[in-house]
Amino acid sequence: MGEFRVHRVRFFDYMPSGIRALAYSSRAERVALVRADGAVEVYTLADNCFQEKVVPGQDGRGVESLCWVGRRLFSAGLNGEITEYDLENLRPRSSLEAYGGPIWTLCCNRQETLLAAGCEDGSVKLFEVLDDRVQFQRNLDRQKGRIVSLSWNPSGTLLAAGMMDMIRVFDVETGRSTHRLLVERGAGAGKSREAVVWSLLFLADGTIVSGDSAGKVQLWDGVTGTLVRSHLVSKWDVLVLALSEDGSSLVAGTSEGTVVQFQFLPSTVDGQEREWVRTRTFKNHSHDVRALAHTSTAVVSGGMDTQLVVRPLLDRVEKNTQESALRRIAFPHRSLVSCADKAGLLLFQFPRHLELWRLGEGDAHGRPGERVAVTRKPEKLVLLKTKGPEHISCSGLSPCGSWLVYSTVSSVRLYRVRLDERRVSLEKVSGLPEALQWATRFCFSSDSSRLFAASGRSSVVVLSLEASSCRHLRTLRPPSDSRQPVHLLAASEDGQWLAAANTACEVHVYQLQKLKLHCTLPAYSSCPTALAIHPTTGDLVTVHADQQVLEFSLLRREYSAWSRQLQGHGLHPLWLQRDTPVTHVTFDPRNPSRILLHDTFMFCVLDKSQPLPDASGQLYNQSALRGLPEAERRRQSHGFKICKSFQHLMCVRLLHDQSLVVVERPLLDISAQLPALVRQKKFAT
């Protein structure tokens, strides 16, 4: 596999925020979630649950509800505003004040013509969805308590509203309340507390399903307003409900971390009568399940423990397939760490600040696998806080460590870093070009003389960096006129090529000497997750969300012979079944045939000079191989050298001195910082 001196870094205190809401779009096959800090993430379920887009959060934007309207995404929250997101430029597009105080819930009718917002002042406000905006239409009858949950019936003529101790059913045309459904409080000490109707579902047959703070899932007759059935599923709150597209299954999330499934099953032998039956209970979270989505084949859940869990329903998928595997997404599918490989510096990105660290040094002598003594401890050099409420969307550090840049959704800040053994100083570069208003991704050239910034419509702004200033050279635009954002940039070591990949699965390569398009890679259906240009051959290596590895010759403008061989042979099934994407690719200068790549759980050295692994054998990692007999170890030798000695990798980079920087963030460290459990299951209770 080769030997590297490794800097194991665990001082990046990455702490994701809890998940507040989920929304599923069957039309786009995407799940959107919003976190407690206001950040919105969009995942493509059809592409191996890849985190396609991230809209940074903002102080004061406490989002409580998320809603798809076609391919448009809306949110509402405690600031009392309805916000539509620009998913092409990864920013809020517009916001509209509802004038009802904090908004607790937001939902759209099936016809996608009206949005209903439940407000703190007891009003239910209807907004008309237009092509370019939403506008207020009217209020329904105002109630005395806050509106916590809402649900439309399929025809869009009735609207159910959950409140304290009751459910109101409104006639949308008249705006009047037609039914009042009283919700029973909990037993014992719970009788003194109001029953909060946290979530509602309005089914096609007129049944209303409610989940409340007394731990009950209740079914109501929407015509007569009477209680049909009550299921006690938790001693604590039922926080959220979700219904499958065909209406045959629903799930409930509780504050105990469980997800309970109900199915509409025949209750008689002849199958003429059906009823809702509790069938399964899933325990995939340690804390409150605050958000749920029910797709055609899986349950997607999230909550206070910050993890997004995709739980396949085995009666809806083929068993022992990749689709039937449980997925836990705990880390972002993009890097929050930048590395100055020539200066030994690391830049950590947090929502509201950046940290610049200098790596420590250790004894240069030691045996393989041995920990060496630290001769100089790592040092935090700079803590750079942002101004204003906007969170950081992306950041970058030049290879020499002399330039630092970050962007929010409305501005870019560029700094010149001056560093010596005793002190460090930052000099802000003023008068940035008008072409650089914001960015979704940064990349520096290897000699730190140019800065590349991904901007709107898949364009890339090219800046020339001088002593303490910068100059706009050109804005590179793709021929496809794509509106999707660029999420990956890679510049070649010789300064000749720049590769840019967007979320429309397009990869464009630009010639930097002439500052024009060189070629566009052949269309591939899966989104690129990492890319890099080989420093000697000039070949572009791309890794995609479906785990495929492709190599494209930029000089010949075709896939390389090795790439064709790899596609003809096929990757090992265990490689393809990995559920976390590769987030970084680089190369070993000492051996041009080696490709270095990593995901959250493994670091891999891919040696093109060695044979590909046989699909019928095992894909052993290096630790497992060392435990095999010599003859078996030689027989199992292949080009994929996999190392799983590290915990939850946030970043792996190769420094200029051929040492590796490995940034780890163990999941247990994140769990230790979570708030206390509402209720913890104990033996015999």
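For the structure itself, look to the data block above.
Since this is a predicted model, take the numbers as computed values, not measurements.

Undergrad: I would appreciate a short explanation of the pairing of strand 30 (residues 337-340) in the present structure.
TA: Each regular strand carries side chains that alternate between the two faces of the sheet. Both faces of strand 30 are covered, namely the face carrying Val337 and Cys339 and the face carrying Ser338 and Ala340. In this structure, strand 30 lies alongside strand 31 (residues 345-349), joined through four bridges in antiparallel fashion. Bridging across to strand 31, Ser338 finds its partner in Leu347. Between strand 30 and strand 31, which pair antiparallel in sequence order, lie four residues; one of them, Gly344, sits at a positive phi of approximately 70°.

Undergrad: Even after reading the chapter, I still don't get the packing of aromatic side chains, so can you show me in this structure?
TA: Geometrically, a pair of aromatic rings is defined through the distance of the ring centres and the angle of the planes. Scanning the entire structure with this criterion turns up 11 aromatic pairs. Centroid distance Phe12 to Tyr14: 6.2 Å. Interplanar angle 45°. Geometry classified as tilted. For the pair Phe12 and Tyr14, one class covers both residues: buried. Considering the side-chain rings of Phe12 and Phe348, the 4.6 Å spacing of their centres and the 15° angle between planes classify their relative orientation as stacked. Separated by 336 residues along the polypeptide, Phe12 in the loop between strand 1 (6-9) and strand 2 (19-25) and Phe348 in strand 31 bring together distant segments of the chain. Through a chain of ring-to-ring contacts, the aromatic side chains of Phe11, Phe12, Tyr14, Phe331, Phe348, Phe350 and Trp357 assemble into a single cluster. The side chain of Arg578 reaches across the aromatic face of Trp575, ending 4.1 Å from its centre.

Undergrad: When you look at the sheet that holds strand 13 (residues 134-139) in this model, what are you seeing that I'm missing?
TA: Strand order in this open sheet of four strands is 10-11-12-13, and the pairing throughout is antiparallel. Either end of the sheet is taken by a strand with one partner, and the two such strands are strand 10 (103-108) and strand 13. Going from strand to strand, the sheet's axes swing by 25° on average, the running direction of each strand aside.

Undergrad: Looking at this structure, I do not really get the side chain of Ser446. What am I missing?
TA: In this structure, Ser446 sits in the loop between strand 40 (441-444) and strand 41 (450-454). Polar contacts involving the side chain of Ser446 include one to the main-chain carbonyl oxygen of Glu493, which spans 2.7 Å. Each residue touching Ser446, except ones within four places of it in the same chain, is listed here: Lys342, Pro399, Ser492 and Glu493.

Undergrad: What should I look at first to understand the sheet that holds strand 19 (residues 207-212) in this one?
TA: Sheet strands pair by backbone hydrogen bonding; their relative direction is either parallel or antiparallel. Spatial ordering of the open sheet is given by 18-19-20-21, a layout of four strands whose pairing is antiparallel. Where the open sheet ends on each side, the last strands, each with one partner, are strand 18 (197-202) and strand 21 (227-232). Neighbour to neighbour, the strand axes of the sheet diverge by 15° on average, direction disregarded. As paired elements, strand 18 and strand 19 share five bridges and run antiparallel to each other.

Undergrad: Whenever I open this one, the pairing of strand 37 (residues 403-407) confuses me. Can you help?
TA: Across the five residues that make up strand 37, a large majority, five, are buried. What you see with strand 37 is no split at all: Trp403, Val405 and Ser407 on one side and Leu404 and Tyr406 on the other are buried throughout. Bridge analysis of strand 36 (residues 394-397) against strand 37 gives four bridges, and the strand direction is antiparallel. Its bridge partner lying in strand 37, Ser395 is registered against Tyr406. In sequence, strand 36 turns back onto strand 37 through a hairpin of five residues, with Gly401 there showing a positive phi of about 80°.

Undergrad: Is there a simple way to explain the environment of Thr297 in this structure?
TA: Tracing the sequence through the fold places Thr297 in the loop between strand 26 (289-294) and strand 27 (298-303). Here the alpha-carbon distance between Thr297 and Glu323, two residues 26 residues apart in the chain, equals 8.7 Å. Once residues within four sequence positions are removed from consideration, Thr297 is found in contact with Pro312, Leu313, Arg316, Val317 and Glu323.

Undergrad: Explanation requested: the pattern of salt bridges in the structure shown.
TA: Pairs may arise between side chains of opposite charge once their charged atoms sit close together. Enumeration over the complete set of coordinates arrives at 33 salt bridges. In this structure, Asp13 engages Arg665 in a salt bridge whose closest nitrogen and oxygen atoms are separated by 3.8 Å. Of this pair, Asp13 sits in the loop between strand 1 and strand 2 while Arg665 sits in the loop between strand 57 (660-664) and helix 5 (667-672), and the two are 652 residues apart along the sequence. Relative accessible area serves as the criterion here: at 45%, Asp13 is assigned to the partly exposed category. Exposure remark for Arg665: the relative accessible area of 3% places this residue in the buried category. A salt bridge links Arg280 to Asp315; its shortest N-O distance comes to 3.7 Å. Taken together, the positions of Arg280 in strand 25 (residues 274-283) and Asp315 in the loop between strand 28 (308-312) and strand 29 (327-329) put the pair 35 residues apart, joining distant regions of the chain. For Arg280, a relative accessible area of 26% puts it in the partly exposed group. Assessed through its relative accessible area of 42%, Asp315 is described here as partly exposed.

Undergrad: Mind showing me how you'd approach unusual backbone geometry here?
TA: With a phi close to 60°, Ser448 is a non-glycine residue in the positive phi region. Examined against the element boundaries, Ser448 turns out to sit in the loop between strand 40 and strand 41. In this model, Asp481 sits at a positive phi of 55°, which is unusual for a non-glycine residue. Mapping Asp481 onto the fold places it in the loop between strand 43 (470-476) and strand 44 (486-491).

Undergrad: It is not clear to me how helix 1 (residues 561-569) should be interpreted in this structure. Could you clarify?
TA: Quick reminder: α-helices carry 3.6 residues per turn. Residues three or four places apart thus point the same way. Listed as buried for helix 1 are Trp562, Ser563 and Leu566. Here the buried residues of helix 1 occupy an arc of 100° about the axis, which is enough to place them on one side. Exposed residues on helix 1 whose side chains face more than 90 degrees from its buried face are Ala561, Arg564 and Gly568. In this structure, the buried residues of helix 1 make contact with strand 50 (549-553), strand 51 (558-559) and strand 54 (603-607). Taken from the residues just after helix 1, Gly570 is the one with a positive phi, measuring 90°.

Undergrad: Looking at this structure, I do not really get the nonpolar core. What am I missing?
TA: When a protein is soluble and globular, its nonpolar side chains tend to lie buried together. Core analysis: the largest hydrophobic core is formed by 21 residues, its most contacted members being Val549, Trp575, Val585, Ile595, Leu597, Cys604 and Phe640. Not counting residues within four places of it along the chain, the set of residues in contact with Val549 comprises Val541, Thr542, Val543, Trp562, Leu566, Gln567, Leu571 and Trp575. Ranked by size, the runner-up nonpolar core spans 20 residues in total, among them Trp357, Cys651, Leu655 and Val661.

Basis of the calculations
- Residues numbered from 1 in each chain as written.
- Predicted model: local features only at pLDDT ≥ 70, side-chain atom pairs only at ≥ 80, totals over all residues.
- Heavy atoms only, no water.
- Buried < 20%, exposed > 50% of the residue type's maximum accessible area, 1.4 Å probe, protein only.
- Helix = DSSP H or I, 4+ residues; strand = E, 2+ residues; numbered from the N terminus.
- Pairing = 2+ DSSP bridges.
- Phe/Tyr/Trp six-rings, centres within 6.5 Å; stacked < 30°, edge-to-face > 60°.
- Lys NZ or Arg CZ within 6 Å of the ring centre and 35° of its normal.
- Axes fitted to C-alpha atoms, helices over the stretch in contact; angles between N-to-C directions.
- Polar contact = N/O pair within 3.5 Å; in protein donor to acceptor, adjacent residues only side chain to side chain.
- Contact = heavy atoms within 4.5 Å.
- Salt bridge = Lys/Arg side-chain N within 4 Å of Asp/Glu carboxyl O.
- Arc of directions from axis to C-beta.
- Core = buried A, V, L, I, M, F, W, Y, C linked by side-chain atoms within 4.5 Å.

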